[in-house]
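Single-letter residue listing:
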Amino acid sequence: MIKVDHLSKSFGKIKAVDHISFEVKEQENLILLGTSGSGKTTTLKMINRLIEPTGGKVFINGENILDQSPEVLRRGIGYVLQNNGLFPHYTVAANIAIVPQLLKWDKKRIEHRVSELLEKLHLDKTYLNVYPNELSGGQQQRVGLARALVADPPVLLMDEPFGALDNITRSKIHAEFKALDELKRKTIIMVTHDVQEAFELGDRICLMHKGKIIQNGTPTELLFRPANSFVKDFLKEQRLQLEFKAIRLNDIAPLPPEGGAFDLHGERVDAGVALWSVLEQFKFTKAEGLSIINHQNKKIGSISFEELMAAFYQYKKHQPHE
Ligand SMILES: Nc1ncnc2c1ncn2[C@@H]1O[C@H](COP(=O)(O)OP(=O)(O)O)[C@@H](O)[C@H]1O
Ligand SMILES: [Mg+2]
């Protein structure tokens, strides 16, 4: 859906972005990961034409973005700015309604969409008439997300959207982020310097350094098939946590061929979720393990916590870089 082809940007002598290429599939969540100054924001801003490249091309749905006016292009791209970028002199409602007003939606439709989003993002409707600085950081971030989502653009660009939040708020918002239906339908490019966040939210990760992409791969590829020692060192800290976030339940515990589902104390557990989330769910139940149930909701098997951990270490043993 998005194709970035040898894209470059120089500011004088600084090569902020240096011949990078990558593709993002429809509904994929791609993370640009890297330390400060690696060229992430510049890359993102070239995709919605807030910055014009020095070289290279960007295609969205096969169309060169230079063939559209920036205004038309940006209608299809939601943008969540670093530090949320809300207008301090606009109320929450007015901030969210900026794009619909440009699109000349009628008042009823705007009101309906704004209140729908507030509900989805767990913001109380009493916040409609308050100003951003009366809200907490987490709430401001939600308003920023609502503003980007309001006209339901197929593409979402997010620049360090959770960067300013404390850890507790951040993991809460991560969980909501993964659960939000509207986001599952979107093609997302998200920028972060936080490795844990990248592994939690990304389908693929582009690790950037000095304007170049050092490796583009899935979280497990980066962990177990690092392109070089830079990648390896980048992921060194809290590696075990990263492994729990990268390895999915169905990587280590296959369901029976005739089908079925995982169940933890009456709650369905999606086979594609990260082991990390399964462990989080264990914390809140007294279950000894996961049940496997068939289509008639009958228990046909189980996997204990210990078995799950053993399968995890077994999986790791078979990876090239273990
Ligand atoms: N408008 C600009 N003028 C000059 N240099 C810039 C400008 N924007 C970014 N840079 C430089 O380009 C490099 C990449 O910046 P940026 O894309 O913001 O990195 P990141 O988002 O990864 O922190 C940095 O060295 C930064 O100082
Ligand atoms: Mg940046």
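Residues numbered from 1 in each chain as written. Chains lettered and ligands numbered in written order. Predicted model: local features only at pLDDT ≥ 70, side-chain atom pairs only at ≥ 80, totals over all residues. Heavy atoms only, no water.

S.K.: Any details on the overall build of the protein? Residues and values, ideally.
M.R.: Summing up its helical and strand segments, the protein has 15 helices and 14 strands in all. Taken against the 2.2 N^0.38 rule, which gives 20 Å for 322 residues, the C-alpha radius of gyration of the protein at 21 Å falls within 12% of a compact globule. Counting every position in the protein, which comprises 322 residues, the buried fraction comes to 49%. Taking the intrachain contacts of the protein between residues at least 6 apart in sequence as the baseline, contacts between residues at least 24 apart amount to 65%. Of the accessible surface of the protein, which amounts to about 16400 Å², a share of 51% is contributed by carbon and sulfur atoms. (Helix = DSSP H or I, 4+ residues; strand = E, 2+ residues; numbered from the N terminus. Rg over C-alpha atoms; globule rule 2.2 N^0.38 Å. Buried < 20%, exposed > 50% of the residue type's maximum accessible area, 1.4 Å probe, protein only. Contact = heavy atoms within 4.5 Å. Areas by Shrake-Rupley, 256 points an atom, 1.4 Å probe, with all protein chains shown as cover.)

S.K.: So what's going on with the environment of Ser69? Which residues, and what values?
M.R.: For Ser69, the location among the structural elements is in the loop between β5 (63-64) and α2 (70-75). Taking C-alpha positions, Ser69 is 9.3 Å from Arg49, a pair spaced 20 residues apart along the chain.

S.K.: Tell me about unusual backbone geometry, and name the residues and values.
M.R.: In this structure, His6 takes a positive phi of about 45° despite not being glycine. The residue His6 is located in strand β1 (residues 2-11) in this model.

S.K.: An account of the pattern of salt bridges is requested, with residue identities and associated values reported.
M.R.: Per the stated rule, a full pass over the model turns up 15 salt bridges. Of the charged contacts in the structure, one is a salt bridge between Asp181 and Lys184, with a shortest N-O distance of 3.8 Å. Here Lys184 and Asp181 lie together in helix α8 (residues 181-184), a separation of three residues that amounts to about one turn. On the basis of relative accessible area, Asp181 is assigned to the exposed category, the value being 54%. (Salt bridge = Lys/Arg side-chain N within 4 Å of Asp/Glu carboxyl O.)

S.K.: With reference to specific residues and values, describe the domain arrangement of the protein.
M.R.: Under the domain assignment, the protein is made up of domain 1 (2-245) and domain 2 (248-317). Here the C-alpha centroids of domain 1 and domain 2 sit 31 Å apart. Each side of the interface is counted separately: domain 1 has nine residues, and domain 2 has eleven residues. Between domain 1 and domain 2, a total of about 850 Å² is buried, with carbon and sulfur atoms accounting for 66% of that surface. Here Glu243 ties to Lys316 by a salt bridge, and the two come within 2.6 Å at their closest N and O atoms. Run the count over domain 1 and domain 2 and you get three residue pairs in polar contact (both at pLDDT 80 or more). Mapped by element, the contributors of at least two residues to the side of domain 1 that touches domain 2 are α10 (219-224) and α12 (239-246). (Domains from an automatic or database assignment. Buried area = accessible area lost by both parts, 1.4 Å probe. Polar contact = N/O pair within 3.5 Å; in protein donor to acceptor, adjacent residues only side chain to side chain.)

S.K.: Outline helix α15 (residues 305-317), listing residues and values.
M.R.: Here α15 contains 13 residues, and its C-alpha end-to-end distance of 19 Å stays within 8% of the 18 Å for a straight helix at 1.5 Å per residue. If you check which residues of α15 are buried, you get Leu308, Met309, Ala311, Phe312, Tyr315 and Lys316. Viewed along the axis of α15, the buried residues span an arc of 160°, placing them on a single side of the element. Exposed positions of α15 whose direction lies more than 90 degrees from the buried face are Glu306 and Lys317. (Expected span 1.5 Å × (residues − 1). Arc of directions from axis to C-beta.)

S.K.: Could you give an account of the site of ligand 1, naming the residues involved and the relevant values?
M.R.: Every residue close to ligand 1 is listed here: Phe11, Ala16, Thr35, Ser36, Gly37, Ser38, Gly39, Lys40, Thr41 and Thr42. Interatomic distance of 2.8 Å between a side-chain N/O atom of Lys40 and an oxygen atom of ligand 1. Take Thr42: an N or O atom from its side chain is 2.5 Å from an oxygen atom of ligand 1. Contact with the protein chains hides 59% of the accessible area of ligand 1, taken as 560 Å² for the molecule alone. Sorting elements by how many residues they give to the shell around ligand 1 places helix α1 (residues 40-47) first, with three residues. (Near = heavy atom within 4 Å.)

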